Amino acid sequence: MSQSPRLSLSRVTGLAALLLAVLGPAASVRSETSRPESEVAKREIMAVLEAHEEYWNRHDMDTWADKILHEDSDWVNWRGGYWRGKAAIREGHRAIHAAQYKNSRLSPQIIEDLTFITPDIALAHVRSELSGDERAPGQAFPYRKTILFTKQQGAWRIRALHNTRLLDAAGH
C-alpha cells in the first residue's frame, strides 16, 4: 500500500498565502469598479483607445506606439504574429502601414467589458472594424481585442493585446 505525500504546515501556509495573493485582488474587483478612482481610470483607458484609433488612421505609427504602448508591451495580431516590446510592435505596424494597411481605417472602438484586477491593472474586451485593407478592397473586418492595460509611471497603456478577427459581424 502506498502512502500519500504529507504536507507540512509551512507548505500548507505557503499555498494558502499564494491563493490569497492570486485570488485576493480578484475578490475586490466588484468594489474596485465603483470607486471614483476607477471612473478616472476608465476615462484614461478610453483615451488610450481613442489615441489608438486616431494615430492608426493617420498612419503615424511612431506617435501611435508612444501614446498606447509601454516599453514591455506584447502584441498578437489577428494572423497570429507575435511581437514583443514597443520597438518590435512599432516596426511591425510601420511595415503593414507602408503596404496593405496604407489606406486602412479603424472604426471607433467599443469597450464590451472592463474589469479592474487591481487599481493599476485592467482587462478589457474591445470591438471595432478595420476597412481599407489593400488585400480586400471594399471589405470591412470586425474584430475583438483582449487587452491588458497597466498603469506604469502614472500612465495607462497597453501591456498586452491579442487581436481576433471575427467570422461574422455578430461576433459569435
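Our structure is the block above this text.
Now for a description of the structure that goes with this document. In this text, all values refer to a predicted model and were calculated from it rather than measured experimentally. (Residues numbered from 1 in each chain as written. Predicted model: local features only at pLDDT ≥ 70, side-chain atom pairs only at ≥ 80, totals over all residues. Heavy atoms only, no water.)

All right, on to the environment of lysine 42 then. When you line up the elements, lysine 42 lands in helix 3 (residues 36-58). Owing to a relative accessible area of 27%, lysine 42 belongs among the partly exposed residues under this scheme. Residues lysine 42 and tryptophan 156 lie 114 residues apart in sequence; the distance between their C-alpha atoms is 9.7 Å. (Helix = DSSP H or I, 4+ residues; strand = E, 2+ residues; numbered from the N terminus. Buried < 20%, exposed > 50% of the residue type's maximum accessible area, 1.4 Å probe, protein only.)

Let us now look at the packing of aromatic side chains. By the definition in use, this model includes six aromatic pairs. Aromatic pair tryptophan 56 and tyrosine 101: ring centres 5.7 Å apart, planes at 50°, arrangement tilted. Of this pair, tryptophan 56 sits in helix 3 while tyrosine 101 is found in the loop between helix 5 (86-97) and strand 3 (105-106), placing the two residues 45 residues apart along the sequence. In this structure, tryptophan 56 and tyrosine 101 share a single accessibility class: buried. The structure contains a cluster of three or more aromatic residues connected by ring pairs, namely Trp56, Trp64, Trp75 and Tyr101. The ring of tryptophan 78 carries arginine 165 above its face, with NZ or CZ at 5.8 Å from the centroid. (Phe/Tyr/Trp six-rings, centres within 6.5 Å; stacked < 30°, edge-to-face > 60°. Lys NZ or Arg CZ within 6 Å of the ring centre and 35° of its normal.)

Right, let's get into the nonpolar core. Ranked by internal contacts, the top residues of the largest apolar core, which has 33 residues, are Trp64, Ile68, Leu69, Trp75, Phe149, Trp156 and Ile158. Contributing elements (two or more residues each) for this core: helix 3, helix 4 (61-68), strand 1 (69-76), helix 5, strand 4 (110-118), strand 5 (121-131), strand 6 (140-152) and strand 7 (155-165). Beyond its immediate chain neighbours, meaning those up to four positions away, tryptophan 64 contacts Ala51, His52, Tyr55, Trp56, Leu69, Trp75, Ile89 and His93. (Core = buried A, V, L, I, M, F, W, Y, C linked by side-chain atoms within 4.5 Å. Contact = heavy atoms within 4.5 Å.)

As a further point, take the packing of helix 4 against helix 5. For the pair helix 4 and helix 5, interaxial distance at closest approach is 9 Å and the crossing angle is 145°. Handedness of the helix 4/helix 5 crossing: right-handed. Along the contact surface, helix 4 presents Met61, Asp62, Trp64, Ala65 and Asp66, while helix 5 presents Lys86, Ile89, Arg90, His93, Arg94 and His97. (Axes fitted to C-alpha atoms, helices over the stretch in contact; angles between N-to-C directions. Left-handed = near helix turned anticlockwise from the far one by under 90°.)

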